[in-house]
There are 2 protein chains.
Amino acid sequence: MTRAEFCAFVRIHDNFVILTHRRPDGDTIGCASALCLGLRQLGKTAFVLKNEQFTPRFQPFLDGLVCETLPVDVTVISTDIASEGLLSFDAVRMDLTPVCAVDHHGSNSLACPKLVEADKAACGEIVHAILQELGVRVTKRIAECLYVAVSTDTGCFKFSNTSANTHRTAAALIEAGADVYSINKVFFDTKSFSRLRLEAKLTDTMEFYADRAVGVCVMPKSLLAEFSVTEDDLDSISGFARSIEGVKIGVMIREVEDGLGKISLRTEAPYDAAKICGLLGGGGHAAAAGASVPGGIAGAKTAILQALRDSGVTL
Amino acid sequence: MTRAEFCAFVRIHDNFVILTHRRPDGDTIGCASALCLGLRQLGKTAFVLKNEQFTPRFQPFLDGLVCETLPVDVTVISTDIASEGLLSFDAVRMDLTPVCAVDHHGSNSLACPKLVEADKAACGEIVHAILQELGVRVTKRIAECLYVAVSTDTGCFKFSNTSANTHRTAAALIEAGADVYSINKVFFDTKSFSRLRLEAKLTDTMEFYADRAVGVCVMPKSLLAEFSVTEDDLDSISGFARSIEGVKIGVMIREVEDGLGKISLRTEAPYDAAKICGLLGGGGHAAAAGASVPGGIAGAKTAILQALRDSGVTL
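Rules behind the numbers
Residues numbered from 1 in each chain as written. Chains lettered and ligands numbered in written order. Predicted model: local features only at pLDDT ≥ 70, side-chain atom pairs only at ≥ 80, totals over all residues. Heavy atoms only, no water. Helix = DSSP H or I, 4+ residues; strand = E, 2+ residues; numbered from the N terminus. Rg over C-alpha atoms; globule rule 2.2 N^0.38 Å. Buried < 20%, exposed > 50% of the residue type's maximum accessible area, 1.4 Å probe, protein only. Contact = heavy atoms within 4.5 Å. Least-squares fit on C-alpha atoms with pLDDT ≥ 70 in both. Buried area = accessible area lost by both parts, 1.4 Å probe. Polar contact = N/O pair within 3.5 Å; in protein donor to acceptor, adjacent residues only side chain to side chain. Domains from an automatic or database assignment. Pairing = 2+ DSSP bridges. Axes fitted to C-alpha atoms, helices over the stretch in contact; angles between N-to-C directions. Parallel < 35°, antiparallel > 145°, perpendicular 65-115°, else oblique. Left-handed = near helix turned anticlockwise from the far one by under 90°. Core = buried A, V, L, I, M, F, W, Y, C linked by side-chain atoms within 4.5 Å. Phe/Tyr/Trp six-rings, centres within 6.5 Å; stacked < 30°, edge-to-face > 60°. Lys NZ or Arg CZ within 6 Å of the ring centre and 35° of its normal.

A. Spatial organisation of the overall build of chain A. Along chain A, the regular secondary structure elements total 12 helices and 12 strands. The globule rule puts the C-alpha radius of gyration for 315 residues at 20 Å, and the 21 Å found for chain A is close to it. Projected onto its principal axes, the C-alpha positions of chain A cover 60 × 40 × 35 Å. Residue burial in chain A is summarised as follows: out of 315 residues, 54% are buried. Sequence separation of 24 or more characterises 64% of the internal contacts of chain A that already satisfy a separation of 6 or more.

Quick look at the structure:
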């Protein structure tokens, strides 16, 4: 769909439920909330479907927008959902799939008509453009929902996906009244003490190989329990080893259920994380990939070190 | 001076040396480098004066621009220097003061004609506007110097000074070809292992008071020596305690020379850091202030806790 077609679709319907993706992040929640508020401003009925995985720090953006049961004759749309497998557990339970989708993943495989702009860092940039095209006034609250979307999906304008359009969207949202400092403080400038203690432990137990170009850290279940670590606390923890100066290949091994060791690999060129994890039956992108292997943490460590050697890395 | 007056001043001179401030940061260095490159593009002779405190990560931006001795008939200008007391040690040694200044500090007390735009988060935003007004083509290198200025002075668009203009400047710099991802990785996404080990130690020795609203950490000299911590590693460390979820008053006590304890205080409203440090003979801003007291770390801790009590905080 083009942006104009998406807007035309929205204009002829009156009763919307918006779906967010599994393990919802700022982009899917910010987009769903902003779109919901925009549709209501146009006089339509709109809700964001409950998602049992919404975490506490996103609640302010969802306040008053969430529905638990489905209205009749509802039009189901989705924001930032790239495939059916990523529908929230609540959507799956209610047997809902979108009839129309907005997304920025080039790989989007949803079967419905969809507006996909893969050059956008965040789906929030697309929703901002849609709302303007629909003639919605971007209120302070809408601006803050969209700022959460745009800022969290780019690591506060830090990741490689950040574009001129991302910054220009942020400028427009600030001018629309978004209190971006409060949002930045919560999402980018504050860590829980549990998270800090976890990072301290990861630092103390860090292992380096290949003249410090390879860094490996491990996260047994006991560690998460000891520090009362929550899902919010673990945000981006997979990149921890890679964030150390000089490390080109960062490995995080997390102990998960069924005795599996979950490997998260972060690399910089010329190392290809997807290829390396492919040797262990996993996959992903060139810079970030993963695999799960048996034998818990010890098994995963042996496996990933061997996969690195097999990929030509001298350890 | 207005922006037009500053540009007129630049046009009638031919031979420039640009000064940076003491403990130079990305804004003073990025501005000086960008302005220097812009002036050279206009056919003028221009250099950035050596500053013994330039740190390694800024070298790429200064490459080929730095002079150690002074050309004859030189016009001395400064970027981001708010007062004579902040002139670099090299400038002081050579008895140089600027005849014209560009800055964004409202408190600028330099005696020379100056262009001060206090509504800008970074001096880099002003230099970007100046270069455009001078008809300079913003090359990839100039854009990267200005991006370093703008991004580092706003903590990658995170601090409360970040405005719509800051984001719009960043958008223009990306369109001018700046490889912002590489810069972001060095300045915002990478920590030295020394820094991480220091943070781990600070976490382990953290003390909390007042139901965790007050966090105190201490940094003895021995700690810095143990982890081979450099000045680059200490960037923004004063805000460490304050960055912990729930902490409204963050204290960092650093052991410095002559048995002094250097207190850095970071607060959020209604607590006024400048007032509290004022009780100890120090000063600063409402959100960030400091004081140095005798008796090393122990003396400083006793003093700041008493100052907090005297300010009405129940510990």
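B. Representation of the relation of the copies chain B and chain A within the structure. In the superposition of chain B on chain A (RMSD 0.1 Å, axial shift 0.0 Å), the rotation amounts to 180°. In the structure described here, the two chain copies are related by an operation that fits a two-fold rotation axis. For chain B, the residue whose C-alpha comes nearest the rotation axis is alanine 200 of chain B, separated from it by 2.0 Å. The residues that chain B uses at the interface reappear at the interface of chain A in 100% of cases, marking a shared surface.

C. Structural context of the environment of alanine 303 of chain A. All names here are of chain A. Mapped onto the elements of the fold, alanine 303 is located in helix α12 (residues 296-310). As for alanine 303 and phenylalanine 240, which are separated by 63 residues in sequence, their C-alpha atoms are 20 Å apart. Residues in contact with alanine 303, not counting those within four places in the same chain, are Leu280 and Val293.

D. Region of interest: the environment of glycine 246 of chain A. Residue and element names in this part refer to chain A. Along the chain, glycine 246 falls in the loop between α10 (221-226) and β9 (249-255). On a C-alpha basis, the gap between glycine 246 and glycine 215 in space is 9.3 Å, while along the polypeptide they are 31 residues apart. Ignoring anything within four residues of it in the chain, the contact list for glycine 246 reads Arg212 and Ala213.

E. Quick look at the interface of chain B and chain A. Taken together, the 39 residues of chain B in the interface contact 39 residues of chain A. Approximately 3,300 Å² of surface area, both sides summed, lies buried where chain B meets chain A, with 62% of it carried by carbon and sulfur atoms. A per-residue breakdown of the area chain B buries against chain A is headed by Lys158, His167 and Phe193 of chain B, which together make up 19% of the total. Linking chain B with chain A are 11 residue pairs in polar contact (both at pLDDT 80 or more). At the level of elements, α7 (164-175), α8 (180-188) and α9 (193-205) of chain B are the ones that each hand at least two residues to the side of chain B that touches chain A. Counting residues per element, the side of chain B that touches chain A draws most heavily on α7 of chain B, which supplies eight residues.

F. Up close: unusual backbone geometry. Note the cis peptide between alanine 269 of chain A and proline 270 of chain A, where omega equals 10°. Along the chain, the position of proline 270 of chain A falls in the loop between β10 (260-267) and α11 (273-278). With phi around 50°, aspartate 73 of chain A is a residue other than glycine that occupies positive phi space. Tracing the chain through its elements places aspartate 73 of chain A in the loop between β3 (66-67) and β4 (75-79). Owing to a relative accessible area of 74%, aspartate 73 of chain A belongs among the exposed residues under this scheme. Even without a glycine there, the phi angle at alanine 210 of chain B is positive, about 50°. Counting through the fold element by element, alanine 210 of chain B comes out in the loop between β7 (207-209) and β8 (214-219). Given a relative accessible area of 27%, alanine 210 of chain B falls into the partly exposed group.

G. Inspection of the domain arrangement of chain A at higher detail. On domain assignment, one finds that chain A holds domain 1 (3-188) and domain 2 (193-310). Inter-centroid distance (C-alpha atoms) of domain 1 of chain A to domain 2 of chain A is 30 Å.

H. How the structure looks around the side chain of histidine 104 of chain A. Residues and elements named next belong to chain A. In this fold, histidine 104 is placed in the loop between β5 (100-103) and β6 (114-116). In this structure the side chain of histidine 104 is engaged in a polar contact, spanning 3.3 Å, whose partner is the side chain of aspartate 27. In terms of polar contacts, histidine 104 uses its side chain to reach the side chain of aspartate 153, at 3.4 Å. Apart from residues lying up to four places away in sequence, histidine 104 is in contact with Asp27, Asp80, Val116, Glu117, Ala118, Lys120, Ala121, Ala122, Cys123, Ile126 and Asp153.

I. The sheet that holds strand β10 (residues 260-267) of chain B, seen in detail. Residue and element names in this part refer to chain B. Read across the sheet, six strands follow the order β7-β8-β9-β10-β12-β11 without closing on themselves; strand pairing throughout is mixed. Strand pairing shows two members of the sheet lacking a second neighbour, β7 and β11 (283-284), which therefore form its edges. Two elements, β11 and strand β12 (residues 288-294), share two bridges in a ladder whose sense is antiparallel. Residue pairing for β12: glycine 284 is matched across the bridge by alanine 289. Running over the sheet, α9 touches β7, β8 and β9 (249-255) and is turned about 130° from β8.

J. Spotlight on the packing of helix α7 (residues 164-175) of chain A against α7 of chain B. Taken N-terminus to C-terminus, the directions of α7 of chain A and α7 of chain B make an angle of 165°; their axes are 8 Å apart at the nearest point. Judged by the angle between their axes, α7 of chain A and α7 of chain B are roughly antiparallel. The element α7 of chain A and its partner α7 of chain B pack so that their crossing is left-handed. Along the contact surface, α7 of chain A presents Ala164, His167, Arg168, Ala170, Ala171, Ala172, Ile174 and Glu175 of chain A, while α7 of chain B presents Ala164, His167, Arg168, Ala170, Ala171, Ala172, Ile174 and Glu175 of chain B.

K. Region of interest: the nonpolar core. By size, the foremost hydrophobic cluster in this structure holds 106 residues, and its most contacted members are Val127 of chain A together with Val127 of chain B. Apart from the residues within four sequence positions on either side, valine 127 of chain A is in contact with Cys31, Ala34, Leu35, Val102 and Leu146 of chain A. Val218, Leu305, Ala307 and Val313 of chain A belong to the second largest nonpolar core, which has 23 residues in total.

L. Region of the structure containing the side chain of serine 83 of chain A. Looking at where serine 83 of chain A falls in the secondary structure, it is placed in the loop between β4 and α4 (89-93). If near-sequence neighbours (up to four positions away) are discounted, serine 83 of chain A is found in contact with Ser109 and Leu110 of chain A.

M. Quick look at the packing of aromatic side chains. Taken as a whole, this structure holds 11 aromatic pairs over all chains when the rule is applied. Between phenylalanine 157 of chain A and phenylalanine 157 of chain B the ring centres are 6.0 Å apart and the planes differ by 75°, which places this aromatic pair in the edge-to-face class. With phenylalanine 157 of chain A in the loop between α6 (140-153) and α7 and phenylalanine 157 of chain B in the loop between α6 (140-153) and α7, the pair connects residues from two separate chains. Since its relative accessible area comes to 0%, phenylalanine 157 of chain A is described here as buried. Between phenylalanine 58 of chain B and phenylalanine 187 of chain B the ring centres are 5.3 Å apart and the planes differ by 35°, which places this aromatic pair in the tilted class. Of this pair, phenylalanine 58 of chain B sits in the loop between β2 (45-49) and α3 (59-62) while phenylalanine 187 of chain B sits in helix α8; the two residues are 129 residues apart in sequence, bridging distant segments of the chain. The class of phenylalanine 58 of chain B is buried, set by a relative accessible area of 4%. One aromatic cluster is present, built from ring pairs that chain together Phe58, Phe61, Phe187 and Phe188 of chain A. Arginine 40 of chain B extends its terminal NZ or CZ atom over the ring of phenylalanine 47 of chain B, reaching a point 4.9 Å from the ring centre.

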